[in-house]
Structures are given as structure tokens and as C-alpha cells.
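Each chain, letter by letter, is given below.
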2 protein chains.
Amino acid sequence: MPKDTITPRSKDYAQWYLDVIAQAELADYAPVRGCMVIRPTGYAIWERIQKALDERIKATGHQNAYFPLFVPMSFLTKEADHVDGFAPEVAVVTHGGGEELAEPLVVRPTSEAIIGPSFANWIHSWRDLPLLINQWANVVRWEMRPRLFLRTTEFLWQEGHTAHATEEEAEEEALTILHEVYADFAEKVLAIPVIKGIKTDREKFAGALRTYCIEAMMQDGRALQAGTSHNLGQNFARAFDIKYQTTENREEYVWTTSWGVSTRLIGALIMSHSDDEGLVCPPALAPIQIVVVPVYKGDTERTTVLEAIERIIAGWEGRFRVKLDDRDQLTPGYKFNEWESKGVPVRVEVGPRDVEKGTVAVARRDVPGKAGKEFVPQEGLVDRLATLLEDIQSSLYARALAYRDERTHDVTSFEELKEAVEHGFARAYWAGSSDDEAAVQAETRATVRAIPLEQPERTGTCVSTGRPTSRIAIFGRSY
Amino acid sequence: MPKDTITPRSKDYAQWYLDVIAQAELADYAPVRGCMVIRPTGYAIWERIQKALDERIKATGHQNAYFPLFVPMSFLTKEADHVDGFAPEVAVVTHGGGEELAEPLVVRPTSEAIIGPSFANWIHSWRDLPLLINQWANVVRWEMRPRLFLRTTEFLWQEGHTAHATEEEAEEEALTILHEVYADFAEKVLAIPVIKGIKTDREKFAGALRTYCIEAMMQDGRALQAGTSHNLGQNFARAFDIKYQTTENREEYVWTTSWGVSTRLIGALIMSHSDDEGLVCPPALAPIQIVVVPVYKGDTERTTVLEAIERIIAGWEGRFRVKLDDRDQLTPGYKFNEWESKGVPVRVEVGPRDVEKGTVAVARRDVPGKAGKEFVPQEGLVDRLATLLEDIQSSLYARALAYRDERTHDVTSFEELKEAVEHGFARAYWAGSSDDEAAVQAETRATVRAIPLEQPERTGTCVSTGRPTSRIAIFGRSY
């Protein structure tokens, strides 16, 4: 694993991204077009993402369930906007068990259309509401320009699906997920600052009333939609006849929501924090938080050093996620490079001199080279490491936030907007239509990434139409 | 949820099985032929199964990864026996992204054929071995006679795939999984006694050298294959050109294994312990171990009782998995029935009299009715409940083991075998061929479920061929 195989970011950001993935052994392209193989290092990150999200999803009252992979074609077509949005992207099973099927089955691109009939069966009265369900699953959307983690034909995700008695409750649910699950997770665990906003009609989910999103800025200034939460109104309830009896014995359609995040978050992670040495993983997420590397020559030193390490790390279990790299045939330098490229937040080195002096060397991944390395006493090491991990976590967040703020510009003219989205986000008053938005995109390759939920209390002039408006939008080029 | 909708086991075992699933809300048939919807109560059980297995899989040195859902048809055909075994059962994607595909894609029925190319890429030298990978995934095998959990077109499972330098290491791996992962899990968590054995050639995995299995007896005397572990020899290494450089710089094919258990285990769970009241879940597995039901009339009693419960269960978190059922609109009797049908091992009832007297009522699910209920002091309750949960766990195992032993008969003639498999297992000396085995099946509907790894040190006469042999086989009718 020679280190110089990572292309510098400054030279070619897209190639750098692929090199980081290859070097950290996160994923490979599969021999099936558009699909990926998630390798153990990458999957361990996904497991950590799953755990942190699953805890938040359950803490907000949801239960996991599992619905079929296959959706009969006729189900997908029940909601008109939904089928328009997804039909061009689906994979279709036409044969099963050696025979041609009477009705083709679609491999789920999302599960509203197969969950609908179950909800219709399960929900009878107001007592059955709210129904709060989540599913961890694979989905398939045919991808013409695949890119590892960001756009793959098959990807892994969670999709929440809920049903409520009133529009207000559905709206509250969609926003709870946005704030308490997605934004909280992105900011506290991934250390990625996100803009919480609403999508324009042009960008919303096929079949939704309103789509809320968390939107992040990558290191190249481009936007990445990191999660979406949809208030589906009664659209799917009507399409799948999901009704309930009210406390006054009337029959009403329920109000539903759906919401999801996917393995795309691993792409967001890579492009938020990593550097030319490879992946940088925030401690709250990292499958391995601290790697301990013994430094020795010969068997006597080896024994001394490994005995000292055993003593030093006794009691770390349950406190930190630790890996002792005691592989014999590899040099310390090789190991340093490997764990650096895999993003482990902290490296502890122990050599014979450290054993003598009661010290260890501690290197923090977010500050490369000598600046990030210091020799510290073994005494009090646990507390020092705990503080260091917290510091790395908050530093990564602060750095990403400062970067985003630097690259976000208030613009008042179309020319300024065009200039701003070359390197980041443009913040502009916006009162345009979907057509106006399309015109902006044709000219600048940028779209409205979000109408932020937090809006200024002033008014201004729409950057496109010149109309007065109090609404600010964030424009950016997106992944 | 009226209780009398569970058909008694004595009347119709197959209907009882479906009634238990419906009553406990474990799963539904989906509107897609052969597929199921796993409902929250059922999925919570699957999550507990996943957790217990995943811990064991990781403790034995394996890492999780994820491979594509789709397998190009040409890959599946690379191993001759493998394609013969699986081709008739596959679902085939012929269209994607609005176009007909140049090569059809098979929805994975198992992943050897899509993992092979990755292993060939990742493995170069002996240093890369052993490669120990596991995947949690959905798979599809077209099912003509679906049965919830036991045989569904789509099911969830884990599939382990490993590569080794030598035949001995592959064999050791296959057996480690059988003993330390599958049998240990089945016996300690599911409380299901299993026979560890090897499959005959007729019953082994398509493409395997040897298939090991754990085999359980259900309450109707039929056998259920609960997990399999395959030594694949060099068959897949040859088919996918998976080679490594030995320490002596020779190129050799690796030796591979694969092994899996699935949502079928939930079927095994149901048919091992449950009764005419519904599901019985062993405490080590149960998503909810103890349900606490307040018993009161009117608001004053309600307050008194709920305050007492709050005091009683303080400190239970982290010790037990507890549910407080404080739903207001339902009677205690309704709640008792619901949690009984869902298999919760222990119910604690607290009423106003209990509050006065410092007692609670404790009912154990595995002993229905009054016999399983007692009033005990609140003092020392935690230790008492911990002991009770352990007792239920071991009682369920002992009961299932005694049942299996009662229904397993040593047979020396074909007539005895035929009689024995009507109600359970037949244990017989066996030296027959695959054709002999087919003849037995045609006559008795029973097959060799396993050649147990533990064999007697005596010899006898083959029940079919009359040849002398030291090999004992277990015959049974199977799910």
C-alpha cells in the first residue's frame, strides 16, 4: 500500500476521492454495472452509522420492520407523481422460478408502494395511529453515472414510513426526524454542519407534499444532500386507500411521511474531513478510535514493549474503541500510513524509550505530521485521550463549519450568484418559479439546495425575478 | 385480538403455526407471491438473533462486508453443481433504467458467485489469508409452496464466506462456525437442542465438498435444518480463479467455506417452545423479557399503582429488557393475553393490594395459568426475577431436549424406520447410496437429516442395504 498513490486534492478532487476510498479499502466497483462492494473497513463505518441512527430512530418512538424487495409494477403506478419520478430508474424482474411472470416486479427504488397495502391492513381506527415504522434495506435505482457511495445502482439505507391522524402530526413527524434524528446525527456524530431546509417543488420527492432536507458543503464547495424527510400529505393514503376511523366515527385518510438516509453519507464523510493522506474519521463515528502501534527492534524489545502496552491499555475496553496492531511482519512506518489512510483519529506509539521514561507518543489524525504528535506521560493517559478525542470531534466540526461559512456568499445579482457557486454556496432572495430555477441551472449548473428553515426577518429582491420577497434560498452545485 | 383465534396444536399443527404468527403480529404474507412482511414484533426478534450471532461471528475473527444484490447470469454458471442447484429458483432482472439488459442479472440466491471475483482481487499471497467475511443480506429463491419464515421467496440471512491456505484450515473454519457460532447460539439463546452433523451427498449444498448442519426437532416431530456450514473445497476457487502465492512462492488455489442461517430460525423458535396461548420466547432471546402491567380502577388507584411501579422498576434498566404497559384504554386481562401471545417470558402485575402489602404478582409464560403465577415480596425482586429468567431459559431447553429424546427411536428395520418418522426421528445404521436414500424417501417421506458428528463406537447393519457399518444416521421428515 504505497502512500503516494493518493492524488492531491488540489490536483484532481474527483480522483482524490476515489484514491482515498481505494487506499482506505472502503469499497470497490463491483463487476455488476453501477454496483459497489462495501469492504470491511467501509462496512464498519456503515455499522457505526446504523447504530447511531437506529438509537435516535428508536428513541423517537419508531419500530423496525421489513417489507418485500419486490414491488408489483401496478403498485408503483398508483401514485401518479411517484411513478413518473421512479419508473425510469427501476430494475425489473420478468422471470422467476423458470417462468415468465404474469406481472413484472420492480426491485424497490423506495418502499412507499409496497408499504401502502400493509398500512391499509394494519390501520383501522385512531387507536392504531400514529404508526411509526422504519426499515433498514437495500434499494435499487438504475444509475448511468455511478460514483462510489454517492451514486450507485444498489445502495443501503434506512427508510422511515409513518401514518398520522392529522396533517399537523405528520408535519411534526417530518420535522422531528429532520432535527432530532438527521441533523443531530450529522452534526454530533459525523461532525458535518448541515443546513436544515425545505426543497423547492422542483427538487422535492416524487409524490411528496413537502420535502425537508439536510444539506452539507463538501471540500470542493459542492453541495451534498445528506438526508430527506417528506410530508407526503394524503397522496399515498389516497393511492393505497389507507383510512382510519376517527374518534367521532368518521372515516378519514391518514397523513403519511417518509424519510431516509443512505450509504451516501459515507461519501459525505469522506469529502467533509479527509486530506491528502487519506480518510479522516471523527471519533464519535470511528470504528477504531485509537490504534496502538508498538515500536521495537528484535525479540527482547518486542517483549518489553508489548508487556508495557498490555499494562497501559488494560481498562481501556468499554471506554475507547481500540486496536492493538501487533502484526509482526510489518514496519511501524507502514502501520502508521495504513491507519492514517483509514482515518483512525488517534495513534499511540510505544517504544523501548517510552517504556523506560513512562511515556507514550500520541498523534492526532486531524493535525498531520509533527504538529499533531506529542510525547505524554503514561500516567493520566486515559483522561488525556478522552479529552483529545472530544477535541478532535469538535475541531473537525468547527473546521467544516468555518469552511462552509467562508464559501457561502450573499448575492444580489445573477452575476454574483454565478460567481459564488463556482466555489461554494450562494445565498440569495428568491421568489422564482420552477421554470426560473431551471433557467438558473441552465446558466450556472446550480440549483436551489434548500430554503433554510431559519429565515431572516428582512425582505429583499429576488435574484432572478426582481420581485420583492422575504425568502432566502441557498444555491449550489450538487453531487 | 380475541384469544380464541389460535387453533389448538392437537387439532391442526400447520394452522396453529399460522395463528401464532398472526396473533403475535410477527409477519404477514405480502401482496407479492411467496414474500413476507416482517412486522415489528417479528423484526425485534430478528434483531435479537442478529445481535447474538453477530457477536459470535465477530468473536471468531470475522468482519462484515456487503456485496451486490445482482449476480450476472454468466457468473452463476461458473460452478457447474452450483448453477444446477440454484438456476431453477432464481428471479431474473432483464430490464434496467428503461432498457433491456445485454446480460440478465440474477437476484442473489446466495452470494458465492458474486463474492468470488472480489476474493480473486483481494487475495494475492499467504499474508492475505485467512480472509474471513460475513454479510447480512436479503436473498431470493423462488418458492412454489411458501410458508411464513420457513420457506419464503425472499428471506433475510447472514452468509459467511471465507478463504484459507489449506484444506485443514477450511475444515476447521466450517466446524468452528458449526460449534461456536450456530450450535452455541441455538442452544444458549434460542434454547433449541440441535444435532450437529454432516449432510449426505444428496442433501449437501450445491457446489460443496461437505455440508455440516445443525438439525432440530419441532413439536410435531418433524426436522428443521436450522443452519448449515459448507466446506467448499477448491470448487469455487477454481471457478473464480482465486489463487494465492504460498510461502514457497508457488501459486495455489485457496480453500473456501460458506455458511448461513436465516429468518427461518424464527420458524424454528415458534415450533420449539410455543403453546396454544401463542408464542413462547426464551429470555435470552426475548426483545421484552419482563412486561409490567398495572392493575387498577379509577384515577386514584392508577396514580398509586403507577407510582409504586416507578419505584419498583427503578434500576431495572441495563439489567432486564422491560416494558411498562401503561396504556389507559385497555383492561389488564386484554394486556395479559396480548403479551402472552407475544411470548414475553415474565409478567409482573401490580395492583393496589400489592402496593399495600409490598408484593407483586409474577407470572411465568412457560407455565401457563395459576401454576405459573405467584405473589412475591417487592424486596429482593430483582434477584428473584434474574433467577426466574435463568430458570425459564434452562427449563425451555430441557423440555425441548426431553421431547426430542422421547421421539427419537433406534431402529433396525425399514418398518421400524417408517413407524418412527411418523412422529419423530429414526436413528439407524446407514451405509446406503444416494439412490438408497431416495428409495427411503419415496417410501417414508423421510430423508437423512444428518450423520451426527458424535458417532457410537459400535457397528451394526445398514437399515437399507443390510451392509455392516459403524455409521449412524438420523432420519426424519423435514420442513
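Not measured: the values here are computed from a predicted model.

Reading the values: the criteria
Residues numbered from 1 in each chain as written. Chains lettered and ligands numbered in written order. Predicted model: local features only at pLDDT ≥ 70, side-chain atom pairs only at ≥ 80, totals over all residues. Heavy atoms only, no water. Helix = DSSP H or I, 4+ residues; strand = E, 2+ residues; numbered from the N terminus. Buried < 20%, exposed > 50% of the residue type's maximum accessible area, 1.4 Å probe, protein only. Contact = heavy atoms within 4.5 Å. Salt bridge = Lys/Arg side-chain N within 4 Å of Asp/Glu carboxyl O. Polar contact = N/O pair within 3.5 Å; in protein donor to acceptor, adjacent residues only side chain to side chain. Nonpolar A, V, L, I, M, F, W, Y, C, P; charged D, E, K, R; others polar. Pairing = 2+ DSSP bridges. Axes fitted to C-alpha atoms, helices over the stretch in contact; angles between N-to-C directions. Parallel < 35°, antiparallel > 145°, perpendicular 65-115°, else oblique. Left-handed = near helix turned anticlockwise from the far one by under 90°. Domains from an automatic or database assignment. Buried area = accessible area lost by both parts, 1.4 Å probe. Least-squares fit on C-alpha atoms with pLDDT ≥ 70 in both. Right-handed = clockwise from strand over helix to strand, strands pointing away. Core = buried A, V, L, I, M, F, W, Y, C linked by side-chain atoms within 4.5 Å. Phe/Tyr/Trp six-rings, centres within 6.5 Å; stacked < 30°, edge-to-face > 60°. Lys NZ or Arg CZ within 6 Å of the ring centre and 35° of its normal.

Novice: Looking at this structure, I do not really get unusual backbone geometry. What am I missing?
Specialist: In most cases, non-glycine residues show a negative phi, while peptide bonds are predominantly trans. The amide bond that connects L129 of chain A to the next residue, P130 of chain A, takes the cis arrangement and shows omega of -5°. Relative to the assigned elements, P130 of chain A resides in the loop between α5 (112-122) and β7 (131-140). Positive phi outside glycine occurs at N249 of chain B, with the angle close to 65°. Take N249 of chain B: it is sitting in the loop between β12 (243-245) and β13 (251-253). The exposure class assigned to N249 of chain B is exposed, which follows from its relative accessible area of 59%.

Novice: Teacher, can you tell me more about the interface of chain A and chain B here?
Specialist: When the parts of a complex come together, some accessible area is lost, and that lost area is often used as the size of the interface. Chain A puts 51 residues into the contact, and the matching count from chain B is 51 residues. Summed over the shared surface of chain A and chain B, the result is two salt bridges. Between K58 of chain B and E47 of chain A there is a salt bridge, with the nearest N and O atoms lying 3.1 Å from each other. The interface formed by chain A and chain B contains 22 residue pairs in polar contact (both at pLDDT 80 or more). The element contributing the most residues to the side of chain A that touches chain B is strand β5 (residues 91-96) of chain A, with six residues. Taken together, the residues of the side of chain A that touches chain B break down into 33 nonpolar, ten polar and eight charged. Alignment of β5 of chain A against strand β5 (residues 91-96) of chain B, held across five bridges, turns out to be antiparallel. When the sheet's bridge partners are listed, V92 of chain A is paired in β5 of chain B with H95 of chain B.

Novice: Hey, could you run me through the sheet that holds strand β17 (residues 346-350) of chain B in this one?
Specialist: Strand pairing in a sheet takes place through backbone hydrogen bonds and is either antiparallel or parallel in direction. Residues and elements named next belong to chain B. Read across the sheet, five strands follow the order β16-β15-β17-β18-β19 without closing on themselves; strand pairing throughout is mixed. Strands at the two margins of the open sheet, each flanked by one partner only, are β16 (322-324) and β19 (373-377). Each strand of the sheet is rotated relative to its neighbour by a mean of 25°, with strand direction disregarded. Strand direction decides the pairing type here: β17 and strand β18 (residues 359-364), joined by four bridges, are antiparallel. Each bridged residue has a counterpart across the sheet, and for E349 the counterpart in β18 is A361. On the sheet, helix α10 (residues 332-341) packs against β15 (290-294), β16 and β17 and is oriented at approximately 170° with respect to β15. The strands touched by helix α12 (residues 381-406) are β15, β17, β18 and β19; relative to β18, the strand with the most contacts, the crossing angle is about 10°.

Novice: Would you explain the packing of helix α1 (residues 13-23) of chain B against helix α8 (residues 264-273) of chain B in this entry?
Specialist: Packed helix pairs are specified by the crossing angle of their axes together with the interaxial distance, meaning the distance between the axes. All names here are of chain B. Orientation of α1 relative to α8, taken along the N-to-C sense of each, is 115°, at an axis distance of 11 Å. With respect to α8, the axis of α1 lies roughly perpendicular. Pair α1 / α8 crosses with right-handed handedness. Contacts between α1 and α8 involve Y13, W16, Y17, V20 and I21 on the former and, on the latter, G267, I270 and M271. Across the contact of α1 with α8, the residue classes tally to seven nonpolar, one polar and no charged.

Novice: Even after reading the chapter, I still don't get the pattern of salt bridges, so can you show me in this structure?
Specialist: Here the idea is simple: oppositely charged side chains can pair when their charged atoms come close. Here the structure, examined in full by the defined rule, presents 71 salt bridges over all chains. Linking R364 of chain B and D391 of chain B is a salt bridge whose minimum nitrogen-to-oxygen distance equals 2.8 Å. Within this pair, whereas R364 of chain B is found in strand β18, its partner D391 of chain B is found in helix α12, the two being separated by 27 residues in sequence. On the basis of relative accessible area, R364 of chain B is assigned to the buried category, the value being 17%. With a closest N to O distance of 2.8 Å, D410 of chain B and R427 of chain B form a salt bridge. Here R427 of chain B lies in strand β21 (residues 425-429) and D410 of chain B lies in strand β20 (residues 408-410), a separation of 17 residues in the sequence. By relative accessible area, R427 of chain B is classed as partly exposed at 30%. Each of E25, D325, R327, K335, E338 and K342 of chain A takes part in a single network of salt bridges with overlapping partners.

Novice: What is the right way to look at the domain arrangement of chain A in this model?
Specialist: Residues and elements named next belong to chain A. Under the domain assignment used here, chain A contains domain 1 (3-273), domain 2 (290-388) and domain 3 (408-476). Counting residues at the interface gives six residues for domain 1, matched by five residues for domain 2. Summing both sides of the interface, domain 1 and domain 2 together bury roughly 510 Å²; the carbon and sulfur share of this comes to 48%. The interface formed by domain 1 and domain 2 contains one salt bridge. Its salt-bridge partner being K342, residue E25 comes within 3.4 Å of it at the nearest N-O pair. Counting every contact that joins domain 1 to domain 2 gives one residue pair in polar contact (both at pLDDT 80 or more). Taken together, the residues that form the side of domain 1 that touches domain 2 break down as one nonpolar, two polar and three charged.

Novice: It is not clear to me how the relation of the copies chain A and chain B should be interpreted in this structure. Could you clarify?
Specialist: Both copies of the chain are placed relative to one another by a rotation about an axis and a shift along it. Once chain A is rotated about the relating axis by 180° and shifted along it by 0.0 Å, it coincides with chain B to within an RMSD of 0.0 Å. The superposition operator between the copies reduces to a two-fold rotation axis. Every residue of chain A has its C-alpha some distance from the rotation axis, and the shortest such distance is that of V93 of chain A, at 2.1 Å.

Novice: Can you walk me through the pairing of β15 of chain B in this structure?
Specialist: Looking along a regular strand, one sees side chains alternate from face to face of the sheet. All names here are of chain B. By the criterion of burial, β15 is predominantly enclosed, with five of the five residues buried. The alternating pattern of β15 places I290, V292 and P294 and V291 and V293 on opposite faces, both of which are buried. Looking at chain direction, β15 and β16 are connected through three bridges and run parallel. Across the sheet, the residue bridging to V292 is L324, located in β16. A crossover links β15 with its parallel partner β16, the connecting element being helix α9 (residues 298-313), and its sense is right-handed.

Novice: Looking at this structure, how should I read α8 of chain B?
Specialist: Every α-helix carries 3.6 residues per turn, so stepping three or four residues along brings you back to the same face. Of all the ten residues making up α8 of chain B, ten are buried; the element is thus mostly covered by neighbouring parts of the structure. Its buried side turned inward, α8 of chain B meets α1, α2 (40-59), α6 (167-188), β11 (223-231), β14 (255-262) and α12 of chain B.

Novice: Honestly, the nonpolar core in this entry has me stumped. Any pointers?
Specialist: Side chains of nonpolar character tend, in soluble globular proteins, to be buried together. With 89 residues, the main nonpolar core has F70 and V107 of chain A together with F70 and V107 of chain B as its most contacted residues. Apart from residues lying up to four places away in sequence, F70 of chain A is in contact with V93, L105, V106, V107 and I114 of chain A together with V32, C35, A91, V107, V140 and W142 of chain B. Formed by 73 residues, the second largest nonpolar core is a distinct cluster that contains M36, L53, I198 and W430 of chain A.

Novice: Just checking my understanding: could you explain the pairing of strand β22 (residues 447-452) of chain A for this structure?
Specialist: All names here are of chain A. Burial of β22 is extensive: six of the six residues sit out of reach of the surface. Alignment of strand β9 (residues 195-198) against β22, held across two bridges, turns out to be antiparallel. Across the sheet, the residue bridging to I198 is I451, located in β22. One ladder, built from three bridges, connects β22 with strand β25 (residues 472-476); its direction is antiparallel. Paired with T447 across the two strands is G476, which belongs to β25.

Novice: It is not clear to me how the packing of aromatic side chains should be interpreted in this structure. Could you clarify?
Specialist: How two aromatic rings sit relative to each other is given by the distance of their centres and the angle of their planes. Enumeration over the complete set of coordinates arrives at 18 aromatic pairs over all chains. On the basis of an interplanar angle of 75° and a centroid distance of 5.9 Å, the ring pair of W46 of chain B and W136 of chain B is categorised as edge-to-face. Within this pair, whereas W46 of chain B is found in helix α2, its partner W136 of chain B is found in strand β7 (residues 131-140), the two being separated by 90 residues in sequence. Here W46 of chain B matches W136 of chain B in class, with each residue buried. Ring centres of F67 of chain B and W122 of chain B lie 5.9 Å apart, and the angle between their planes is 40°; on these two criteria the pair is classed as tilted. Here W122 of chain B lies in helix α5 (residues 112-122) and F67 of chain B lies in the loop between β3 (63-64) and β4 (70-72), a separation of 55 residues in the sequence. An aromatic cluster is present here, built from F67, F119 and W122 of chain A joined pairwise through their rings. The ring of Y479 of chain A has R222 of chain A sitting right over it, with the charged end atom 3.9 Å from the ring centre.

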